[in-house]
Every structure is written in C-alpha cells, then in structure tokens.
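Read off the chains here:
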Amino acid sequence: MIEITELPLDHAAITDSVRSNLAGAVCSFLGTVREMTGERRTAMLEYEAYPEMALKKMAELEAEARRRWPILEAALVHRVGTLSLGEISIVIAVSCPHRHQAIDACRWLIDTFKDVVPVWKKEVWADGTEEWVHPGMNPPGSGGDGLEPPL
Amino acid sequence: MLAIVRLFAIARERAGRAVIEVELADGANVGDLKAALACEVPSLALLLPTIRIAVNSDYADDNSPIPPGADLAAIPPVSGGCEPGIRR
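Each chain carries its own residue numbering, running from 1 in the written order of its sequence. Starting at A for chains and at 1 for ligands, labels are handed out in the order in which the entities are written. Per-residue local features are limited, in this predicted model, to residues with pLDDT of at least 70; the limit for side-chain atom pairs, both in listing and counting, is 80 or more; totals at the level of whole chains, interfaces and linings are taken over all residues. With hydrogens and water set aside, each side-chain value is computed from the structure's full complement of heavy atoms.

## Notes on the overall build of chain B
Broken down by element type, chain B carries three helices and five strands. Secondary structure elements are defined from DSSP: runs of H or I of at least 4 residues count as helices, runs of E of at least 2 residues count as strands, and each element is numbered from the N terminus. Ordering the α and β elements of chain B from the N terminus gives β-α-β-α-α-β-β-β. For 88 residues, the compact-globule formula gives about 12 Å, and the C-alpha radius of gyration of chain B, at 13 Å, lands near that figure. Principal axes of the C-alpha set define a box for chain B whose edges measure 40 × 25 × 20 Å. Exposed residues in this analysis have more than 50% of their type's maximum accessible area, buried residues have under 20%, and partly exposed residues fall in between, with area computed by a 1.4 Å probe over protein chains only. Counting over 88 residues, chain B shows a buried share of 50%. Per-residue and other accessible areas follow the Shrake-Rupley method at a 1.4 Å probe size, with only the shown protein chains counted as cover for residues. Carbon and sulfur atoms make up 52% of the accessible area of chain B, which totals about 4000 Å². His is not counted, nor are the chain ends, whereas Lys and Arg count as positive and Asp and Glu as negative. For this purpose, a charge sits on NZ of Lys, CZ of Arg, CG of Asp or CD of Glu. Charged side chains in chain B number 8 positive and 11 negative. The centres of these two groups are separated by 12 Å. The reference for a compact globule is 2.2 Å times residues^0.38; the radius of gyration itself is calculated from the C-alpha atoms.

Listed below in structure tokens is the structure:
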C-alpha cells in the first residue's frame, strides 16, 4: 500500500494490512506531531506534498527495500494538510519472516523517506509564527529559514 | 520551448505563486532552467542553490536535458515523515 492522503491515518488498519501467515514479525513506525522542539511550542503542523512524485519515490523505496530484505508486505502512507498535536503524519509497516529483518527494513524506509520523498512540513508555532522545515536551510535555533544574506 | 515549473513549500511562498512559466532555448538543460528561474523570479535566486529540479518526477542534475513537455518542479529540501528534518 502506497498512499498520500488528507484523511487521518488508521495505524491499526494499515498495520493489519501487512500481516501474513508467512510473517514471523510485523514492524510499524508512526510519526506523530510533537508539541515541544527545544524550548519552542508547536501549535500545529502543515504538510504539503508533490503527490505524483511522492508516490513514485515511495514505490521506488518499497522496491529497493524488497531487494534488501525478504519483505512479505509493506505499507507506506503519509498524511498531508493540517495536523494537530499528537496526530499521525506517517505510517510505515513491514512484515518479514524474522524480526530483525522487519525492524531493519522499517528503519531504513523511514530514514530514506525523509531524504528523498517530496513532502514538506511547516511548523505553526504557538506564538503565531510559521516556519518551513527545510533541512540544511534551517540553522538550529535561528528562528528563521536561514536564507537571509550574510551581514 | 515553454517550460512550466511547479513550485512547492518555501519556493512557492517566496515566489508568491505555485507555477512559473519560463521560455527556454531548445536543448536547454536543468542548469539553464535554474538560471532562467533566478532571472524571472529574483526572490527565488537565494534559494536556488538548495533546490533540486525534478524532471518527470525524478531528481535531475544541472547537466540533464529537459525534454519538451516535461513535468518540471522545484524541490526544496524535503522534510516529510515525523521529526524535524535532520538538523546537522
């Protein structure tokens, strides 16, 4: 299952979808909206995707993971739109014959997802300011997008 | 040829629009497209070194050719998943 959706994610149903009688292990990963980043308080997150490319890259990730591990079933689902604190932004679920395979594959999928799949997050802070999160463009604690010219 | 480029996230906000059309010479590559974008939308110029261009939903380097009618997009560093992006 590869999906980008604006609807809340049913992590139990997604996890169930990868279960198999051939599996000895199912590993699920949930990404959730965290309230505190250091001293800063998040009010909500907004996720935006380039859906056509995101779906293509997610399918490529699944194919590469299947080359590396004996995956029986896999599900990668990302939510877009406005998410409240504690809500689930992403679910990755993998079933394999053995537990270390499922755990390793799930970890590789989420780590690689964050590097290549065109989905973006904007922090809406509790103080009312907003900030796109673009790794490599946001110096920690800068409070800005790190793109102002040097003085 | 006319290149139609979709913009996302900070690139869309900086440009104030979701799509930019620029005229390119036939045989232009991704580097030419970036130069044309910087010229057309000066507010994007500072971002462009960090932006990857996608051609038909694949990342493309500056030397990649742009086929006529290709789907083009400006891709700022991605931050999907859960945690804040890896802040190295």
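## Here's the deal with the pairing of strand E9 (residues 130-133) of chain A
At least two bridges found by DSSP between two strands is the condition for calling them paired. Looking at chain direction, strand E8 (residues 119-125) of chain A and E9(A) are connected through four bridges and run antiparallel. Following the sheet pairing, A:Lys121 is matched in E9(A) by A:Val133.

## Focus: the side chain of A:Glu62
Residues and elements named next belong to chain A. Relative to the elements of secondary structure, Glu-62 occurs in helix H2 (residues 51-68). Under the relative-accessibility criterion, Glu-62 is labelled buried at 13%. Not counting chain neighbours up to four residues away, the residues in contact with Glu-62 comprise Ile-2, Ala-74, Leu-76 and Leu-109. In this description, contact between two residues means that some pair of their heavy atoms is separated by no more than 4.5 Å.

## Focus: the packing of H2(A) against helix H3 (residues 99-116) of chain A
All names here are of chain A. Only C-alpha atoms enter the line fits that serve as axes; for helices the fit covers just the stretch in contact. Angles between N-to-C directions range over 0 to 180 degrees. The N-to-C vectors of H2 and H3 enclose an angle of 145 degrees; their axes lie 10 Å apart at closest approach. The hand of the H2/H3 crossing is right-handed. Contacts between H2 and H3 pair Lys-57, Met-58, Leu-61, Glu-62, Glu-64, Ala-65 and Arg-68 from the former with Trp-108, Leu-109, Thr-112, Phe-113 and Val-116 from the latter. Helix crossings get a hand from a simple test, with the near helix turned counterclockwise from the far one by less than a right angle marking a left-handed crossing and a clockwise turn marking a right-handed one.

## A closer look at H3(A)
All names here are of chain A. What a helix should span is 1.5 Å times the count of its residues minus one. Taking 1.5 Å per residue as the helical rise, H3 with its 18 residues ought to reach 26 Å, and the 26 Å between its terminal C-alpha atoms agrees with that figure. The complete set of buried residues in H3 reads Gln-101, Ala-102, Ala-105, Cys-106, Trp-108, Leu-109, Ile-110, Thr-112, Phe-113 and Lys-114. Where H3 is buried, its residues meet strand E2 (25-32), H2, strand E5 (73-79), strand E7 (88-96) and E8.

## A few points about unusual backbone geometry
All names here are of chain B. For Ala-9, which is not a glycine, the phi torsion comes out positive at approximately 50 degrees. Taking relative accessible area as the criterion, Ala-9 reaches 0% and is therefore assigned buried. A positive phi angle, close to 65 degrees, is found at Ser-57, a residue other than glycine. Examined against the element boundaries, Ser-57 turns out to sit in the loop between strand E3 (52-55) and strand E4 (58-60).

## A closer look at a nonpolar patch on the surface
Nonpolar side chains (Val, Leu, Ile, Met, Phe, Trp, Tyr) within 5 Å and like charges within 9 Å form the patches, drawn only from residues with over 30% relative accessible area and no salt bridge. For this analysis, a salt bridge means a side-chain nitrogen from Lys or Arg found within 4 Å of a carboxyl oxygen belonging to Asp or Glu. A cluster of nonpolar side chains, B:Leu2, B:Ile4 and B:Val19, forms an exposed patch at the surface whose accessible area comes to about 250 Å². Looking at the element boundaries, B:Leu2 is found in strand E1 (residues 2-7).

## Observations regarding the pattern of salt bridges
Where charged atoms from two side chains of opposite charge approach closely, those side chains can pair. Counting across every chain of the model gives 18 salt bridges over all chains. For A:Asp111, the salt bridge goes to A:Arg107, with nearest N and O atoms at 3.4 Å. Here A:Asp111 pairs with A:Arg107, and both are found in helix H3, just four residues apart, close to one helical turn. For A:Arg107, a relative accessible area of 58% translates into the label exposed. Connected through salt bridges with shared partners, the residues A:Glu46, A:Lys122, A:Glu130 and B:Glu13 form a single ionic network.

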